Amino acid sequence: MTDFDPERFEDKYEHYFTELQQAYKSAFDVMSDRYDSGLIHAIDQYTLAESEPFYEGDGQFRIELPDDAIERVAPETELDRAELEDVYAAYTDELERQLRDVFDLSGS
């Protein structure tokens, strides 16, 4: 288990790269079990690869997506905008949960 230091999360890719990879992979696996794997792969490749996790304090994370996240994935699916927004919300919620787990902040 990695000791989490919120101040070091400012330079997350230097200090916590392995943990971030683990959280993103775990979220991908969970979401692939819940949704069409092609859709989840598209979101992972076209959007989450450019997402940015932020530590908000009190054991909470926030995932910032590119402004055009929906448009990037829309051609890959038959889902409408509202349905894609729901999938993105579920995915970012799962990713935030995985980050809490990786850093052992679930009880915070």
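Residues numbered from 1 in each chain as written. Predicted model: local features only at pLDDT ≥ 70, side-chain atom pairs only at ≥ 80, totals over all residues. Heavy atoms only, no water.

- As annotated in an unreviewed UniProt entry, the protein chain is DUF5783 family protein from Halapricum hydrolyticum.

What to know about the overall build of the protein chain
Right, on to step 1. Assigned secondary structure in the protein chain consists of five helices and two strands.
Right, on to step 2. Along the chain direction, N to C, the helices and strands of the protein chain fall in the order α-α-α-β-β-α-α.
Right, on to step 3. Taken over C-alpha atoms, the radius of gyration comes to 14 Å for the protein chain, in line with the 13 Å a tight globule of 108 residues would show.
Right, on to step 4. C-alpha atoms of the protein chain, sized along the principal axes, occupy 40 × 25 × 20 Å. (Helix = DSSP H or I, 4+ residues; strand = E, 2+ residues; numbered from the N terminus. Rg over C-alpha atoms; globule rule 2.2 N^0.38 Å.)

Focus: the packing of helix 2 (residues 17-34) against helix 5 (residues 81-102)
Right, on to step 1. Axis separation between helix 2 and helix 5 bottoms out at 8 Å; the angle between their running directions is 135°. When the axis of helix 2 is compared with that of helix 5, the two are oblique. For the pair helix 2 and helix 5, the crossing hand works out as right-handed. Of the residues in helix 5, those touching helix 2 at Glu19, Leu20, Gln22, Ala23, Tyr24, Ser26, Ala27, Phe28, Val30, Met31 and Arg34 are Val87, Ala90, Tyr91, Glu94, Leu95, Arg97, Gln98, Leu99 and Val102.
Right, on to step 2. Across the contact of helix 2 with helix 5, the residue classes tally to 13 nonpolar, three polar and four charged. (Axes fitted to C-alpha atoms, helices over the stretch in contact; angles between N-to-C directions. Parallel < 35°, antiparallel > 145°, perpendicular 65-115°, else oblique. Left-handed = near helix turned anticlockwise from the far one by under 90°. Contact = heavy atoms within 4.5 Å. Nonpolar A, V, L, I, M, F, W, Y, C, P; charged D, E, K, R; others polar.)

Some points on the packing of aromatic side chains
Right, on to step 1. Applying the stated criterion across every chain, the model contains eleven aromatic pairs.
Right, on to step 2. Plain terms: the ring middles of Tyr16 and Phe103 are 5.0 Å apart, the flat faces sit at 80° to each other, and that makes the pair edge-to-face. Taken together, the residues span a long stretch of sequence, with Tyr16 in the loop between helix 1 (12-15) and helix 2 and Phe103 in the segment after helix 5 at a distance of 87 residues. Of the two residues examined, Tyr16 and Phe103, each falls in the buried class. (Phe/Tyr/Trp six-rings, centres within 6.5 Å; stacked < 30°, edge-to-face > 60°. Buried < 20%, exposed > 50% of the residue type's maximum accessible area, 1.4 Å probe, protein only.)

A short note on the pattern of salt bridges
Right, on to step 1. What the rule picks out here adds up to eleven salt bridges.
Right, on to step 2. Salt-bridge contacts for Arg72 lead to Asp68; the nearest nitrogen and oxygen are separated by 2.7 Å.
Right, on to step 3. On the basis of relative accessibility, which here comes to 23%, the residue Arg72 falls in the partly exposed class.
Right, on to step 4. Take Asp68: its relative accessible area is 35%, and that puts it in the partly exposed class. (Salt bridge = Lys/Arg side-chain N within 4 Å of Asp/Glu carboxyl O.)

Things to note about the pairing of strand 1 (residues 52-57)
Regular strands show a simple pattern: their side chains alternate between the two faces of the sheet.
Right, on to step 1. Note that strand 1 and strand 2 (residues 60-64) share five bridges and pair antiparallel. Each bridged residue has a counterpart across the sheet, and for Gly57 the counterpart in strand 2 is Gln60.
Right, on to step 2. As consecutive antiparallel partners, strand 1 and strand 2 are separated by two residues, and within that stretch Asp58 has a phi angle of approximately 55°, a positive value. (Pairing = 2+ DSSP bridges.)

Some details on the packing of helix 3 (residues 37-46) against helix 5
Right, on to step 1. Where helix 3 meets helix 5, the closest approach of the two axes is 12 Å, and the angle between their N-to-C directions is 70°. Classified by the interaxial angle, the pair formed by helix 3 and helix 5 is roughly perpendicular. Contacts between helix 3 and helix 5 involve Leu39, Ile40, Ile43 and Asp44 from the first element and Leu84, Val87, Tyr88 and Tyr91 from the second.
Right, on to step 2. Here the contact of helix 3 with helix 5 is composed, by residue class, of seven nonpolar, no polar and one charged.

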